[in-house]
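Fold and geometry: a report
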Amino acid sequence: MPAADPAALGAALPPLLLQAAAMIATSLLAVNEAECQNWSKRAALAVEAGDDNLARKALGRKREYEKITAALRDQQAASLEATQTLRRQLDAMQSKLAE
């Protein structure tokens, strides 16, 4: 089995790390979106039960998760953009090395 080229491995590492970060952000985004829906349902149930105080608390938690979700969406977009930029730079550098 031939040894891996350390330069190629090192050059590929940052895009791989960014892709991993994007995957983690996507997973966290899904979890937080589910929590938003969960707290929205809890608020509706509290209103149906006539417990407006509990409904307010549930809506407060929902807003917290909405803020987290918005931040994760921004992070996901930034990770995707950074990954694409690094991939283009890596491809350009490999192309120059091949010349």
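Above this note sits the structure.
Notes on the structure in this doc start here. Everything quoted here is computed from the prediction, not taken from an experiment.

Some remarks on the overall build of the chain
Helix and strand counts for the chain stand at two helices and zero strands. The proportion of buried residues among the 99 residues of the chain is 18%. Long-range contacts, defined as pairs at least 24 residues apart, comprise 74% of the intrachain contacts of the chain with a sequence gap of at least 6. A total of about 7300 Å² of accessible surface is found on the chain, and carbon and sulfur atoms cover 62% of it.

Structural notes on the environment of A70
With respect to the element layout, A70 can be found in helix α2 (residues 52-98). Given a relative accessible area of 35%, A70 falls into the partly exposed group. Taking C-alpha positions, A70 is 9.6 Å from N32, a pair spaced 38 residues apart along the chain.

Topic: the packing of aromatic side chains
Enumeration over the complete set of coordinates arrives at zero aromatic pairs. Directly above the aromatic system of W39 lies the positively charged group of R42, at a separation of 4.4 Å from the ring centroid.

Comments concerning the pattern of salt bridges
When the charged atoms of two side chains with opposite charge come close together, those side chains can pair. Under the defined criterion, the tally for this structure stands at three salt bridges. A salt bridge links E64 to R61, with the shortest nitrogen-to-oxygen separation between them at 3.8 Å. Taken together, the positions of E64 and R61, both in helix α2 and three residues apart, correspond to about one turn of that helix. According to the relative accessible area criterion, R61 is partly exposed, its value standing at 33%. As a salt-bridge pair, E66 and K62 come within 3.5 Å of each other at their nearest N and O atoms. One end of the pair is E66 and the other is K62, both in helix α2 and four residues apart, which spans about a single turn.

As for the environment of M23
Looking at where M23 falls in the secondary structure, it is placed in helix α1 (residues 6-48). Residue classification places M23 among the exposed residues on the basis of a relative accessible area of 58%. C-alpha separation for the pair M23 and S79, spaced 56 residues apart in sequence, amounts to 9.4 Å.

Let's talk about the nonpolar core
Within the largest apolar cluster, five residues are counted, these being C36, W39, A43, A58 and Y65. Residue assignment for this core shows that the elements contributing at least two residues are α1 and α2. Take this core: its biggest share by element is three residues, from α1. Sequence-distant contacts of C36, defined by excluding residues within four places in its chain, comprise K62, Y65, E66 and T69.

About the thresholds
Residues numbered from 1 in each chain as written. Predicted model: local features only at pLDDT ≥ 70, side-chain atom pairs only at ≥ 80, totals over all residues. Heavy atoms only, no water. Helix = DSSP H or I, 4+ residues; strand = E, 2+ residues; numbered from the N terminus. Buried < 20%, exposed > 50% of the residue type's maximum accessible area, 1.4 Å probe, protein only. Contact = heavy atoms within 4.5 Å. Areas by Shrake-Rupley, 256 points an atom, 1.4 Å probe, with all protein chains shown as cover. Phe/Tyr/Trp six-rings, centres within 6.5 Å; stacked < 30°, edge-to-face > 60°. Lys NZ or Arg CZ within 6 Å of the ring centre and 35° of its normal. Salt bridge = Lys/Arg side-chain N within 4 Å of Asp/Glu carboxyl O. Core = buried A, V, L, I, M, F, W, Y, C linked by side-chain atoms within 4.5 Å.

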